[in-house]
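Working through the structure, step by step
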Amino acid sequence: MTVPTITLNDKTTIPQLGFGVWQVAPEETQAAVAAAFEVGYRHIDTAQMYQNEEGVGAAIAASDIPRDELYITSKLNNSFHRPDDAKHAFDETLKKLGLEQIDLFLIHWPLPTKYDGDFVSTWKTLASFVEDGRAASVGVSNFQPAHLQRIIDETGVVPAVNQVEVHPFFDNSEVRAANASHGVHTEAWSPLAQGNAVKDPVIGEIATRLDRTPAQVALRWHIERGDIIFPKSVTPARIKENFEIFDFTLTAADVAAISALDQGAAGRIGPNPDTFDWIP
Ligand code: NAD
């Protein structure tokens, strides 16, 4: 099964499907990532906040996959937005992952009510990691359209991606449209709505008709819409199931039926980025 690659606005390429490790316990992470590598995943999405970068690094070190076939993303913790802290935290990320260069590094949350509303100096600091060659790409996560506009206006540096909550119950169309208008690719987090998408009857009916699982149908919906996804599971059979989504397609009518499950703001699972202010 070949995972399509997407070319980002900085000319780098990213596998459209990856493996997410939020809520994977540190001691389970190496095995989960190794299971994903075994199935064929080459793109891993971690974060400083997940406290499992070392496990990802251990799985990379134990594998014999050439570095240029892997795509590794991590994210700056909310406690490290000040430039000096961000630099130090980024050094730590490279060390924990055992990498000289990361493929993609993101500001995890904009925290517009913290740090005197300054996420611009944080963004400039991330851009310096591309300049010094230690990040191939940098981007943002959970940025609302106004946040995105502001960093672009004030720095001229356009993020490669904006990783935001998107799933059948919350299609986040305003943010996806803003991303597209700037040439920023959308990464859809919680693509299975943290498991809730597999219980939906509309998705279930399509899955039965296509002889696929509900998870595969929900993930395929994202793929058809062009977003980058990295579903999470620690169960080897599900890790494999979630990878097997490139040998079937959905009709436009099926895509539309799943898109119609959108509940607007009520469908959001995670916090609203305009007000989220959690600093661990
Ligand atoms: P997800 O939508 O990927 O759902 C994961 C859950 O769905 C699993 O815990 C399991 O309960 C269930 N599941 C997975 N595969 C299944 C299958 N085949 N059949 C039935 N159930 C299945 O949720 P997620 O982990 O929140 O999101 C994926 C990734 O997105 C994370 O691991 C992380 O990398 C990223 N993420 C980023 C942010 C952010 O703020 N940037 C926030 C949340 C998640």
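The present account deals with the structure reproduced in this document. Note that this is a predicted model, so its numbers are computed, not measured.

Turning our attention to the overall build of the protein chain. Across its full length, the protein chain carries 10 helices and 10 strands. Principal-axis analysis of the C-alpha atoms places the extent of the protein chain at approximately 55 × 40 × 35 Å. By residue count, 54% of the 280 residues in the protein chain fall in the buried class. Considering only intrachain contacts with a sequence separation of at least 6, the fraction spanning at least 24 residues in the protein chain is 75%. Accessible surface, the protein chain as shown: approximately 11700 Å² in total, 50% of it carbon and sulfur. Averaged over its 22 positive side-chain charges, the protein chain has a centre that lies 1 Å from the centre of its 38 negative ones.

Turning our attention to the packing of aromatic side chains. In this structure the tally under the stated criterion is 8 aromatic pairs. Taken together, the ring pairs in this structure connect F19, Y41 and F243 into an aromatic cluster. The ring of F119 carries R150 above its face, with NZ or CZ at 4.8 Å from the centroid.

At their nearest, the axes of helix α5 (residues 145–155) and helix α6 (residues 173–182) sit 9 Å apart, and the two run at 20° to each other. Considered as vectors, α5 and α6 are oriented roughly parallel to each other. Judged by the twist between their axes, the crossing of α5 over α6 is right-handed. Between α5 and α6, the residues in contact are P145, L148, Q149 and I152 and E174, V175, A178, N179 and H182, respectively. In the contact of α5 with α6, the residues fall into 5 nonpolar, 3 polar and 1 charged.

In the region of the ligand, 26 residues are neighbours, and D45, S141, S190, L192 and N242 sit closest. Side-chain polar atom of D45 to an oxygen atom of the ligand: 2.7 Å apart, as the coordinates give it. Between the ligand and S190 there is a distance of 2.7 Å, counted from an oxygen atom to a side-chain nitrogen or oxygen. Relative to its unbound accessible area of 830 Å², the ligand is 90% covered by the protein chains. Ranked by the residues each element gives to the shell around the ligand, the list is headed by helix α9 (residues 236–243), at 3 residues. Among the residues forming the shell around the ligand, the class breakdown is 12 nonpolar, 9 polar and 5 charged.

A few words on the sheet that holds strand β8 (residues 161–165). Pairing within the open sheet is parallel, and its 8 strands lie in the order β3-β4-β5-β6-β7-β8-β9-β10. Both edges of this open sheet fall to β3 (19–20) and β10 (228–229), since each of them pairs with a single strand only. As judged from the 3 bridges shared by strand β4 (residues 43–45) and strand β5 (residues 71–76), these two strands associate in the parallel manner. Within β5, the residue paired with I44 across the bridge is I72. In this fold helix α3 (residues 83–97) packs onto β5, β6 (102–107) and β7 (135–141), with an angle of close to 140° to the strand it touches most, β6. Packing against the sheet, helix α4 (residues 120–131) makes contact with β5, β6 and β7, and its axis sits at approximately 160° to β7.

What follows deals with α5. When α5 is considered as a whole, its buried residues turn out to be H147, L148, I151 and I152. Taken around the axis of α5, the buried residues stretch over an arc of 125°, which confines them to a single face. Set apart from the buried face of α5 by more than 90 degrees, the exposed residues are A146 and D153. Against α4, β7, β8 and α6 lie the buried residues of α5. Just downstream of α5, G156 is the residue with a positive phi angle, here 75°.

You can see T29 is positioned in helix α1 (residues 26–39). In contact with T29, other than residues within four places in its own chain, are V24, N52, G55 and V56.

Conventions we followed
- Residues numbered from 1 in each chain as written.
- Predicted model: local features only at pLDDT ≥ 70, side-chain atom pairs only at ≥ 80, totals over all residues.
- Heavy atoms only, no water.
- Helix = DSSP H or I, 4+ residues; strand = E, 2+ residues; numbered from the N terminus.
- Buried < 20%, exposed > 50% of the residue type's maximum accessible area, 1.4 Å probe, protein only.
- Contact = heavy atoms within 4.5 Å.
- Areas by Shrake-Rupley, 256 points an atom, 1.4 Å probe, with all protein chains shown as cover.
- Lys, Arg positive; Asp, Glu negative; His and termini not counted.
- Charge placed at Lys NZ, Arg CZ, Asp CG, Glu CD.
- Phe/Tyr/Trp six-rings, centres within 6.5 Å; stacked < 30°, edge-to-face > 60°.
- Lys NZ or Arg CZ within 6 Å of the ring centre and 35° of its normal.
- Axes fitted to C-alpha atoms, helices over the stretch in contact; angles between N-to-C directions.
- Parallel < 35°, antiparallel > 145°, perpendicular 65-115°, else oblique.
- Left-handed = near helix turned anticlockwise from the far one by under 90°.
- Nonpolar A, V, L, I, M, F, W, Y, C, P; charged D, E, K, R; others polar.
- Near = heavy atom within 4 Å.
- Polar contact = N/O pair within 3.5 Å; in protein donor to acceptor, adjacent residues only side chain to side chain.
- Pairing = 2+ DSSP bridges.
- Arc of directions from axis to C-beta.

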